[in-house]
Amino acid sequence: MPTMTTLDLLAEQSFLAGMPRQWLERLSFQAHPVVRSPRRRLFQENGPARHFWLLRSGQVALDIHVPGHGDVVVETLGPGSVLGWSWLFPPYRWHFGAVTVDQTLAVEFDAPGVRRLIADDGDFGRELTTRFMAVVVDRLQATRVRLLDAYGYPAAD
């Protein structure tokens, strides 16, 4: 069985579905497949945001540090999820922490390299930024629902 290239891996990611092949090729030079062992911290809240990931398998827990309570998990991401958007917006620092729950296969991207691609090609930049904004909106909506549930309010449609 032939080994999949990074470009092949990107082409099968739903987050990148419909992107022109030439854009995926450019992205592939800023990406590589990774395997992370269980309970490995990928990044710490307020640390520098230098990478982002497209999860292929496994789970990653997003957490925040709560004084007196340690790191509290606020969401768990699984296959097909995008991990990390803080790299896209200055000051490029993580708003959450992230740790693998189990063995995780992902495609890891070099954030400064992808920011250069965005700066060099406005059409590509708008498309990728729009896709990441959709991730941000989805995460905010999920947080809203969890907060309503935590306080015993029904979620409005």
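Reading the values: rules and limits
- Residues numbered from 1 in each chain as written.
- Predicted model: local features only at pLDDT ≥ 70, side-chain atom pairs only at ≥ 80, totals over all residues.
- Heavy atoms only, no water.
- Helix = DSSP H or I, 4+ residues; strand = E, 2+ residues; numbered from the N terminus.
- Rg over C-alpha atoms; globule rule 2.2 N^0.38 Å.
- Buried < 20%, exposed > 50% of the residue type's maximum accessible area, 1.4 Å probe, protein only.
- Axes fitted to C-alpha atoms, helices over the stretch in contact; angles between N-to-C directions.
- Parallel < 35°, antiparallel > 145°, perpendicular 65-115°, else oblique.
- Contact = heavy atoms within 4.5 Å.
- Pairing = 2+ DSSP bridges.
- Core = buried A, V, L, I, M, F, W, Y, C linked by side-chain atoms within 4.5 Å.
- Arc of directions from axis to C-beta.
- Polar contact = N/O pair within 3.5 Å; in protein donor to acceptor, adjacent residues only side chain to side chain.
- Phe/Tyr/Trp six-rings, centres within 6.5 Å; stacked < 30°, edge-to-face > 60°.
- Lys NZ or Arg CZ within 6 Å of the ring centre and 35° of its normal.

Draft legend 1. Examining the overall build of the chain more closely. Counting its regular elements, the chain contains 4 helices and 8 strands. Along the chain, from the amino end to the carboxyl end, the secondary structure elements read α-α-β-β-β-β-β-β-β-β-α-α. Its C-alpha atoms give the chain a radius of gyration of 16 Å, near enough to 15 Å, the size a compact globule of 157 residues would have. Dimensions of the chain along its principal axes, counting C-alpha atoms only, are 50 × 35 × 30 Å. Taken over 157 residues, the chain has a buried fraction of 41%.

Draft legend 2. Structural detail: the packing of helix 3 (residues 111–120) against helix 4 (residues 122–150). Close contact between helix 3 and helix 4 brings their axes to 5 Å; oriented N to C, the two are set at 125°. Considering their axes alone, helix 3 and helix 4 lie oblique with respect to each other. Counted together, V114, L117, I118 and D120 of helix 3 and G122, F124, G125 and L128 of helix 4 form the full contact between these two elements.

Draft legend 3. Spotlight on the pairing of strand 3 (residues 51–57). Sheet topology note: the strand 3/strand 8 (residues 104–110) ladder contains 6 bridges and is antiparallel. Among the inter-strand pairings, W53 is bridged to a residue of strand 8, identified as E108. Two strands pair when backbone bridges link them, and strand 3 and strand 6 (residues 82–83) are joined in this way by 2 bridges, in the antiparallel orientation. Each bridged residue has a counterpart across the sheet, and for L54 the counterpart in strand 6 is V82.

Draft legend 4. A look at the pairing of strand 8. Counting buried positions along strand 8 gives 5 out of 7 residues, so the element sits mostly inside the fold. Taken together, the 6 bridges between strand 1 (residues 31–36) and strand 8 define a ladder with antiparallel strand orientation. Counterpart to A31 in the pairing with strand 8 is F109.

Draft legend 5. Examining the sheet that holds strand 3 more closely. The 4 strands lie next to each other as 1-8-3-6, forming an open sheet whose pairing is antiparallel. Lying at the two open borders of the sheet, with one neighbouring strand each, are strand 1 and strand 6. Against the sheet, helix 3 touches strand 3 and strand 8, its axis set at about 55° to strand 8.

Draft legend 6. Spatial organisation of the nonpolar core. Counting residues in each nonpolar core, the largest one holds 40 residues, and the members touching the most others are L83, W87 and L128. Broken down by element, the residue count for this core peaks at 5 residues, all from helix 4. L128 has contacts with F15, L16, M19, W87, V114 and I118, leaving out every residue within four places of it along the chain.

Draft legend 7. Layout of helix 3. Those residues of helix 3 not exposed but buried are A111, G113, V114, L117 and I118. Down the axis of helix 3, the sector holding all buried residues measures 160°, keeping them to one side. Exposed side of helix 3, more than 90 degrees from the buried face: R116, A119 and D120 are the residues found there. Considering only its buried residues, helix 3 is in contact with helix 2 (21–28), strand 3, strand 8 and helix 4. By the N-cap criterion, in which a side-chain oxygen at the helix start approaches the backbone nitrogen of a residue two or three places on, helix 3 is capped by D110, the distance to G113 being 2.8 Å.

Draft legend 8. Focus on the packing of aromatic side chains. Scanning all chains against the criterion turns up 10 aromatic pairs. Ring geometry for F43 against W53: centres 5.7 Å apart, planes inclined by 15°, an arrangement best described as stacked. Residue F43 is located in strand 2 (residues 41–43), and its partner W53 is located in strand 3; the two are separated by 10 residues in the primary sequence. For the residue pair F43 and W53, the accessibility class agrees, reading buried in each case. Between F52 and W87, the aromatic rings sit 4.5 Å apart at their centres with planes inclined by 15°, giving stacked as the arrangement. Of this pair, F52 sits in strand 3 while W87 sits in the loop between strand 6 and strand 7 (97–100), and the two are 35 residues apart along the sequence. The burial state of F52 is the same as that of W87; both residues are buried. Three or more aromatic residues joined by ring pairs make a cluster, and in this case those are F15, F52, W87, F109 and F132. Directly above the ring of Y92 sits R115, whose terminal nitrogen or CZ lies 3.8 Å from the centroid.

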